[in-house]
Amino acid sequence: MYMKAVVLAVVALVMSGVSGRGDALVDELLAQLAPIQTVSCEIRKDNEVGENKVRMLSRVYYEKPNRLHVENFSPLKRRIIADGANFYSYIEGDKKGFSRAVGDLNEEMALQLRKIPGSSMEHLLRLEGVEGQELPATSDYPVRRLYRRDALYVVLALDAQGRLARLDFYRDEALTDPAGHYEYSAFKEVLPGAWIPMMHKGFLKMDDVENHETVRVTNYIVNEPISPTLFDNTLFLKDVEYEDSFEKMYE
């Protein structure tokens, strides 16, 4: 049940690419995060689908470009390593792992390498090249902007400090049929003008499946050197045989 909900949630948020001149607000928000070159942090993610609850604990190391080391401690022990050229993933106990050149990753997996851990950047990256339109301000959100990506309408809402504090997803242009939302809080200014929310709360709904998600980010350190050995898969994933597709892994 939980895995089905996660798949549906991802489908609800993955929106196909659209070309265009882009939007100044999206560009500005991405530019605020551009000075972040390295990140180390810990992430706790709790998902609740009906009576099913799952907690994921992770330690994350990130370095531009395309270097990532994620160690998942629960619910499965998994390690993800990207060394800038190649991507590796292995779940403890599986017969094989997954590996592919970074340039051959699908759009969604490539986005996960581009996003800055703990940020709302993955949603902004999906809105690159999409022109938005201004919406009326509210007492909580003085800046609101509407975007359309394929079948979804996305509203970005900024707080009084100009930080992306909420995203809402709708299935209709009238914004009467919500598909979900994310709220960001407990902001930390990790660099001048670069704010990272230490708390994320999300709600996604697809048909009759509802997924409540809470993310807590701790021990957030930016632009400190990260040992190159953390991005060497041979040091952490020894004697693992890889396939370049998930279908081949479980044949």
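Residues numbered from 1 in each chain as written. Predicted model: local features only at pLDDT ≥ 70, side-chain atom pairs only at ≥ 80, totals over all residues. Heavy atoms only, no water.

**Observations concerning the packing of aromatic side chains**
Applicable threshold: Between 30 and 60 degrees the pair is tilted, below 30 it is stacked and above 60 it is edge-to-face, where a pair is any two Phe, Tyr or Trp rings, Trp via its six-membered ring, whose centres lie within 6.5 Å. Helix numbering and strand numbering both begin at the N terminus, where a helix is a DSSP run of H or I of at least 4 residues and a strand a DSSP run of E of at least 2. Classification of residues uses two cut-offs on accessible area relative to the type maximum, computed with a 1.4 Å probe and protein chains only: under 20% is buried, over 50% is exposed, and between them is partly exposed. Only when the NZ of Lys or the CZ of Arg is both within 6 Å of the ring centre and within 35 degrees of the ring normal is a charge said to sit over the ring.
All chains considered together, the criterion is met by four aromatic pairs. Here the aromatic rings of phenylalanine 87 and phenylalanine 98 are separated by 6.1 Å at their centres, their planes lie at 70 degrees, and the arrangement is edge-to-face. Taken together, the residues span a long stretch of sequence, with phenylalanine 87 in strand β5 (residues 86-91) and phenylalanine 98 in strand β6 (residues 96-101) at a distance of eleven residues. Assigned by exposure class, phenylalanine 87 and phenylalanine 98 land together as buried. Where tyrosine 182 meets tyrosine 184, the ring centres are 6.3 Å apart and the plane angle is 10 degrees; that geometry is what we call stacked. The exposure class assigned to tyrosine 182 is buried, which follows from its relative accessible area of 8%. In textbook terms, an aromatic cluster arises when at least three aromatic residues are bridged by ring pairs, as seen for Phe87, Phe98 and Phe246. Looking at arginine 163, its charged tip hangs above the ring of tryptophan 195, at a distance of 4.7 Å from the centre.

**A word on helix α3 (residues 107-114)**
Here is the rule: Definition of a polar contact: a pair of N or O atoms within 3.5 Å, with one able to donate and the other able to accept a hydrogen when the atoms are protein atoms, and with sequence-neighbouring residues admitted only if both atoms are side-chain atoms.
All of the buried residues along α3 are Met109, Leu111 and Leu113. Backbone nitrogen of glutamate 108 and a side-chain oxygen of the N-cap are separated by 3.2 Å at the start of α3; the cap is asparagine 106.

**So, the pairing of strand β1 (residues 38-49)**
Heads up, the rule is: Pairing between two strands requires that DSSP report at least two bridges joining them.
In the sheet, β1 pairs with strand β2 (residues 52-63) via twelve bridges, with the strands oriented antiparallel. Paired with glutamate 42 across the bridge in β2 is arginine 59. In sequence, β1 turns back onto β2 through a hairpin of two residues, with glycine 50 there showing a positive phi of about 65 degrees. Bridge count for β1 against strand β13 (residues 209-222) is nine bridges, and the pairing is antiparallel. By the bridge assignment, lysine 45 is partnered in β13 with valine 215.

Take it as geometry only, folks, not as evidence of what the structure does.
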